[in-house]
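Spelled out, the chains give:
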Amino acid sequence: MLTCVATAACLYVPQLAELVGRRLLVVTVHEWSGLLIPLPLLVGLLSRALRGDLSRLNRFGPHDRTWLAAVRRRDRRPGSRPAGKFNAGQKLYAAWIAGAVLVMTGTGLLMWFTGLAPLMWRTGATFVHDWLALAIGIVLGGHIAMAYADPEARRGMRTGSVERRWARREHSLWRIPADPAGPPEEDR
């Protein structure tokens, strides 16, 4: 995703285009990185854990509505934002980015293979592709900024594990399996 965003920036920002040069190479890297974005997910579908996470991301419950209402009110009190393994914001982001990747792939293919559709469709595809790319860049930047502000969340994304205390505070409805080598039962 970052390669796709970086190469898109080099294609559309004149100062970056001049700095990088080699437009044909940048276009080729952009096209292929765009096509390969879904590959890690497709390979990951072999993992039972990933399929379980996708199932959790696909379920929106009453606690998610409570979480969103608390965000709208800017309520940061403990317990005001109940969440399972994924909070409502993470679920919305995952759904939005999945849809955006599908639209970007479709519009990108129309732009790449010019014989697939009439000029009017390709013009529309270019318009949608460019504006959605800008939206993805902004949303991705916000996502990275939020992750940067939470070191424990970053550690979880990087290693796959977080501290129990953080998980209880941020994702109170997440059923965390007991760790036999962990702290005493009353501290869990």
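Report follows, based on the coordinates. (Residues numbered from 1 in each chain as written. Predicted model: local features only at pLDDT ≥ 70, side-chain atom pairs only at ≥ 80, totals over all residues. Heavy atoms only, no water.)

### Focus on the layout of surface pockets
Step number 1: Of the volumes computed, that of the second largest pocket is approximately 740 Å³.
Step number 2: For the second largest pocket, the lining is made up of 29 residues, of which Cys4, Ala8, His30, Met104 and His129 are closest to its centre.
Step number 3: Elements with a minimum of two residues in the lining of the second largest pocket: α1 (2-12), α3 (23-36), α7 (88-112) and α8 (119-148).
Step number 4: A breakdown of the residues in the lining of the second largest pocket according to their chemical character gives 20 nonpolar, 6 polar and 3 charged. (1 Å grid on protein atoms, 1.4 Å probe; cavity = no way out; pocket = protein on both sides within 12 Å on 5 of 7 lines; lining within 4 Å. Points joined across faces, edges and corners; volume = space filled by probe spheres on them. Helix = DSSP H or I, 4+ residues; strand = E, 2+ residues; numbered from the N terminus. Nonpolar A, V, L, I, M, F, W, Y, C, P; charged D, E, K, R; others polar.)

### Some remarks on the packing of helix α6 (residues 62-72) against α7
Step number 1: Packing of α6 against α7 brings their axes to within 8 Å, and their N-to-C directions diverge by 100 degrees. Between α6 and α7, the angle falls in the class roughly perpendicular. Along the contact surface, α6 presents His63, Asp64, Trp67 and Leu68, while α7 presents Ala88, Gly89, Lys91 and Leu92.
Step number 2: Counted by class, the contact of α6 with α7 contains 4 nonpolar, 2 polar and 2 charged residues. (Axes fitted to C-alpha atoms, helices over the stretch in contact; angles between N-to-C directions. Parallel < 35°, antiparallel > 145°, perpendicular 65-115°, else oblique. Contact = heavy atoms within 4.5 Å.)

### So, the packing of α1 against α3
Step number 1: One way to put it is that α1 packs onto α3 with a least axis distance of 9 Å and a crossing angle of 145 degrees. Our pair here, α1 against α3, has a crossing hand that is left-handed. Judged by residue contacts, Thr3, Cys4, Thr7, Ala8, Cys10 and Leu11 of α1 engage Arg23, Val26, Val27, Val29, His30, Ser33 and Gly34 from α3. (Left-handed = near helix turned anticlockwise from the far one by under 90°.)

### Side note on α3
Step number 1: Compared with the 20 Å implied by 1.5 Å per residue over 14 residues, the 20 Å span of α3 between its first and last C-alpha is a close match.
Step number 2: Of all the residues in α3, the buried ones are Val26, His30, Ser33 and Gly34. Considered in projection along α3, the buried side chains sweep an arc of 100 degrees and stay on one side of the axis.
Step number 3: Tucked into the core, α3 has its buried residues touching α1, α2 (14-20), α7 and α8. (Expected span 1.5 Å × (residues − 1). Buried < 20%, exposed > 50% of the residue type's maximum accessible area, 1.4 Å probe, protein only. Arc of directions from axis to C-beta.)

### Focus: the packing of aromatic side chains
Remark: the centre distance and the inter-plane angle together describe each pair of aromatic rings, the angle taken between the planes.
Step number 1: Under the criterion given, the structure shown has 3 aromatic pairs.
Step number 2: Aromatic side chains Trp32 and Trp112 sit 5.5 Å apart centroid to centroid with 85 degrees between the ring planes, which places their arrangement in the edge-to-face category. Pair noted here: Trp32 is in helix α3 and Trp112 is in helix α7, with a separation of 80 residues, a long-range link.
Step number 3: The class for Trp32 is partly exposed, based on a relative accessible area of 46%.
Step number 4: Relative accessible area serves as the criterion here: at 24%, Trp112 is assigned to the partly exposed category.
Step number 5: Here the aromatic cluster, defined as three or more aromatic residues joined through ring pairs, consists of Trp32, Trp112 and Phe113.
Step number 6: One residue, Arg81, lies across the ring of Trp67, its end atom 5.8 Å from the ring centre. (Phe/Tyr/Trp six-rings, centres within 6.5 Å; stacked < 30°, edge-to-face > 60°. Lys NZ or Arg CZ within 6 Å of the ring centre and 35° of its normal.)

### Remarks on a nonpolar patch on the surface
Step number 1: Taken together, the side chains of Trp32, Leu35, Leu36, Leu39, Val43 and Leu46 define a hydrophobic patch exposed on the protein surface, amounting to about 610 Å² of accessible area.
Step number 2: Counting residues per element, the ones that place at least two in the nonpolar patch are α3 and α4 (39-44). (Patch = residues over 30% accessible without salt bridge, like charges linked within 9 Å, V, L, I, M, F, W, Y side chains within 5 Å. Areas by Shrake-Rupley, 256 points an atom, 1.4 Å probe, with all protein chains shown as cover. Salt bridge = Lys/Arg side-chain N within 4 Å of Asp/Glu carboxyl O.)

### Details of α8
Note: α-helices contain 3.6 residues per turn, so residues at a spacing of three or four share the same orientation.
Step number 1: In this model α8 runs 43 Å from its N-terminal to its C-terminal C-alpha over 30 residues, within 8% of the 44 Å that 1.5 Å per residue would give.
Step number 2: On its buried face, α8 is in contact with α1, α3, α7 and α9 (151-159).

### Regarding the nonpolar core
Step number 1: Formed by Tyr93, Ile97, Ala100, Met104, Leu132, Ile136 and Leu140, the largest nonpolar core amounts to 7 residues.
Step number 2: Listing elements by their share of this core, those giving two or more residues are α7 and α8.
Step number 3: In terms of residues, this core owes the most to one element, α7, which gives 4 residues.
Step number 4: Not counting residues within four places of it along the chain, the set of residues in contact with Met104 comprises His129, Leu132, Ala133 and Ile136. (Core = buried A, V, L, I, M, F, W, Y, C linked by side-chain atoms within 4.5 Å.)

Scope: geometric values only; no functional claims are made or implied.
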